[in-house]
Amino acid sequence: MSKDTQLDLWEVFIQGKSGNPYVHAGSVHASDKKMAIQNARDIYTRRGEGTSIWVVPSNNITASNPHDADMLFEPSNDKIYRHPTFYVMPEGAKQI
Amino acid sequence: MSTEHIQNAFQQRLDKGDFIEPKDDMPDGYRTHLIRQISQHAHSEVIGMQPEGNWITRAPSLRAKQILLAKIQDEGGHGLYLYSAAETLGITRSEMIQQLHSGKAKYSNIFNYPALTWADIGAIGWLVDGAAIVNQVSLQRTSFGPYSRAMVRICKEESFHQRQGYEIMAHMMNGTADQKEMAQDAMNRWWWPALMMFGPHDSDSPHSGDAFKWKIKRESNDELRQRFIDKTVQQAEVIGLTIPDPKLKWNEAKNHYDHGEINWNEFHEVIRGNGPCNKQRMEHHIKVHEAGAWVREAAEAYKKKRLNKESLVTI
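Since the model is a prediction, treat every value here as computed from it, not as a measurement. Every chain is numbered independently, its residues counted from 1 as its sequence is written. Working convention: letters from A go to chains and numbers from 1 go to ligands, in the order in which they are written. A pLDDT threshold of at least 70 governs which residues receive local features in this predicted model, and a stricter bar of 80 or more applies before side-chain atom pairs are shown or counted, although totals over entire chains, interfaces and linings include all residues. Side-chain numbers come from the whole structure's heavy atoms, not from hydrogens or water.

*Asks:* With reference to specific residues and values, describe the overall build of chain A.
*Replies:* Going along the chain from the N terminus, every DSSP run of H or I of four or more residues is numbered as a helix, and every run of E of two or more is numbered as a strand. When helices and strands are counted, chain A shows two helices and three strands. Start at the N end of chain A and walk to the C end: the helices and strands fall as β-β-α-β-α. The C-alpha atoms of chain A give 22 Å as radius of gyration, which overshoots the globular expectation for 96 residues (12 Å, by more than 25%). Counting only C-alpha atoms and orienting by the principal axes, one finds that chain A spans roughly 80 × 35 × 15 Å. To sort residues, take the accessible area from a 1.4 Å probe on protein chains only and compare it with the maximum for the residue type: under 20% means buried, over 50% means exposed, and anything in between is partly exposed. Evaluated residue by residue, chain A yields a buried proportion of 27% over its 96 residues. For chain A, restricting intrachain contacts to residue pairs at least 6 apart in sequence, the fraction spanning at least 24 positions comes to 41%. Note on areas: these come from Shrake-Rupley sampling with a 1.4 Å probe, and a residue is covered only by the protein chains present in the view. Just so you have it, chain A exposes about 7100 Å², and 56% of that area is on carbon and sulfur atoms. Only four residue types enter the charge count, namely Lys and Arg as positive and Asp and Glu as negative; His and the chain termini do not. For the purpose of locating charges, the reference atoms are NZ of Lys, CZ of Arg, CG of Asp and CD of Glu. With 10 positive and 11 negative side-chain charges, chain A shows a separation of 10 Å between the mean positions of the two kinds. Note that the radius of gyration is over C-alpha atoms, with the globule rule given as 2.2 Å times the number of residues to the power 0.38. Residues count as neighbours in contact if any of their non-hydrogen atoms are within 4.5 Å of one another.

What follows is the structure in structure tokens.
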């Protein structure tokens, strides 16, 4: 048997409705961009889940390292003044 | 970090309800367990296309044929979601297919039974997909993120599968005496194998301990099997089918049905490869995989040709 190829891995992002963000749906295998779009259409939008698709070769995605999670995300925890509920509004003020 | 440290930290994350993502630290056993379980699940979806594919050309109406095609396409899609989820753990698609062909990886026993009549298509959708749904609904909360997400997507799609199967059974039970007999015969042949889909009793389930500790599995084989029985009995009664188990009886005290003993010899025989269709299913998969090799090669060749052209333009 010849050496098997299962084609390249792509990540699929789908916009569910016009105006909505693109959300990661999963992955597909495909040899080129066009096939990746077609496969993503067949695999992830069989029931009207999408109005638009992005496909990206998986090895082009850079992800944060789970070990850096504390360093990256912890500093925002003590900055509660970034939230509107931090502020004391004068009694009686409306629509603010 | 030492192995013990990693395992403790890992367990702490699980215990506070975190999901695990592919690049996170995880014990080797967790990774191996998931690769085995998810790839087996993926293979089951793909092999499960065969007994139903057998009936596409003989579906009794255009409506039935369209529905069956859509259902089988879904099974293929489910297989692909699951292969992708397993790949995030570092195994390639080729390795998984190779393990299927060599017999190292299993698929669900249920697909080693033949679909003999049209009523079997009804029984498969209603009982086999019904049992699969009970298991998969529980797996939506499994601790590995990509597996959990695949399950959520699959569960959304599966309920149509079960309903179309039940509709077939209901139609036949409204039909002629022959049709009713055919439906009951399918029920008789698929009921027990459907119960076996949940796996051995909890007392004999070899992989359960780790699976619970790691929150891969959240409910036991017997709990899930009981849930399936409890909800299916009423559905059978509504359309006039008899469950082929003389010991099946409502137990007021437990608030569950009691059922007869499952034939575990048959279960183990089918796992060992001696079911009615094991050989046929595997031969077919290997044949189609090899016959399709030229398509994948052609796709690769086309990609190279395009790349060459593109570079000519840019240089």
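*Asks:* Lay out the pairing of strand β1 (residues 8-15) of chain A in plain terms, naming residues and giving numbers.
*Replies:* Residue and element names in this part refer to chain A. The element β1 is extensively covered by neighbouring structure, given that six of its eight residues are classed as buried. Paired strands, as defined in this entry, are two strands with at least two bridges between them according to DSSP. Here β1 pairs with strand β2 (residues 22-30) via eight bridges, running antiparallel. Paired with I14 across the bridge in β2 is V23. Bridging between β1 and strand β3 (residues 52-57) involves six bridges; their strand directions are antiparallel. Bridge assignment links F13 to a residue of β3, and that residue is W54.

*Asks:* Would you mind going over the interface of chain B and chain A in detail, with residue names and values included?
*Replies:* Counting residues at the interface gives 25 residues for chain B, matched by 22 residues for chain A. As a working definition, buried area equals the accessible area (1.4 Å probe) given up by two parts on being put together, with both sides summed. Of the roughly 2100 Å² buried between chain B and chain A, counting both surfaces, carbon and sulfur atoms make up 47%. It is R153, R296 and K303 of chain B that lose the most area in chain B upon contact with chain A, and together they represent 21% of the buried surface on that side. Between K303 of chain B and D8 of chain A there is a salt bridge, and its shortest N-O distance comes to 2.7 Å. N or O atoms closer than or at 3.5 Å make up a polar contact, with two conditions inside protein: a donor-capable atom paired with an acceptor-capable one, and, for residues adjacent in sequence, both atoms drawn from side chains. One can count 13 residue pairs in polar contact (both at pLDDT 80 or more) joining chain B with chain A. Broken down by secondary-structure element, the contributors of at least two residues to the side of chain B that touches chain A are α4 (62-87), α5 (93-102), α7 (145-173), α12 (278-291) and α13 (293-314) of chain B. Salt bridges are counted wherever a side-chain nitrogen of Lys or Arg sits within 4 Å of a carboxyl oxygen of Asp or Glu.

*Asks:* I'd like a rundown of the side chain of E75 of chain B, residues and numbers included.
*Replies:* Within the element layout of this structure, E75 of chain B appears in helix α4. A distance of 2.9 Å separates the side chain of E75 of chain B from the side chain of K71 of chain B, its partner in a polar contact.

*Asks:* Talk me through the pattern of salt bridges; I want residue IDs and the actual numbers.
*Replies:* Here the structure, examined in full by the defined rule, presents 26 salt bridges over all chains. In this structure, E157 of chain B and R46 of chain A form a salt bridge, with 2.9 Å as the shortest nitrogen-oxygen distance. One end of the pair, E157 of chain B, is in helix α7; the other, R46 of chain A, is in the loop between α1 (33-44) and β3, on a second chain. With a closest N to O distance of 4.0 Å, D210 of chain B and K213 of chain B form a salt bridge. Here D210 of chain B and its partner K213 of chain B are both found in helix α9 (residues 208-213), three residues apart, which amounts to about one turn of the helix. Residues participating in the shared-partner salt-bridge network are R46 and R47 of chain A together with D74 and E157 of chain B.

*Asks:* Describe the sheet that holds β1 of chain A, naming the residues involved and giving the relevant values.
*Replies:* Residues and elements named next belong to chain A. A sheet is described by the order of its strands in space; here three strands give the open sequence β2-β1-β3, paired in antiparallel fashion. Edge positions in the open sheet fall to β2 and β3, since each of these has one partner strand only. Here the average twist between neighbouring strands, direction ignored, is 30 degrees. Fitting a line to C-alpha atoms yields each axis, with helices limited to the stretch in contact; the angle taken between N-to-C directions then spans 0 to 180 degrees.

*Asks:* An account of unusual backbone geometry is needed here, citing residue identities and associated values.
*Replies:* For Q95 of chain A, which is not a glycine, the phi torsion comes out positive at approximately 55 degrees. With respect to the secondary-structure elements, Q95 of chain A resides in the segment after α2 (69-73). Judged by its relative accessible area of 87%, Q95 of chain A falls in the exposed class. Although it is not a glycine, N255 of chain B adopts a positive phi angle of roughly 65 degrees. By secondary structure assignment, the location of N255 of chain B is in the loop between β1 (249-251) and β2 (256-258).

*Asks:* I'd like to hear about the packing of aromatic side chains, residue by residue, with values.
*Replies:* Residues and elements named next belong to chain B. Pairing of aromatic rings covers Phe, Tyr and the six-membered ring of Trp, with a centre-to-centre limit of 6.5 Å; geometry is then stacked below 30 degrees between planes, edge-to-face above 60, and tilted otherwise. Considering all chains together, one arrives at 14 aromatic pairs over all chains under this definition. Here F198 and F228 contribute two aromatic rings whose centre-to-centre distance is 5.7 Å and whose plane-to-plane angle is 45 degrees, an arrangement assigned as tilted. Residue F198 is located in the loop between α8 (177-196) and α9, and its partner F228 is located in helix α10 (residues 221-239); the two are separated by 30 residues in the primary sequence. Across the pair, F228 and F198 agree in class, each one buried.

*Asks:* Describe the side chain of H161 of chain B, and please don't skip the residues or the numbers.
*Replies:* Residue and element names in this part refer to chain B. Among the secondary structure elements, H161 is positioned in helix α7. A relative accessible area of 0% places H161 in the buried class. Residues in contact with H161, not counting those within four places in the same chain, are K71, D74, E75, H78, G125 and D129.

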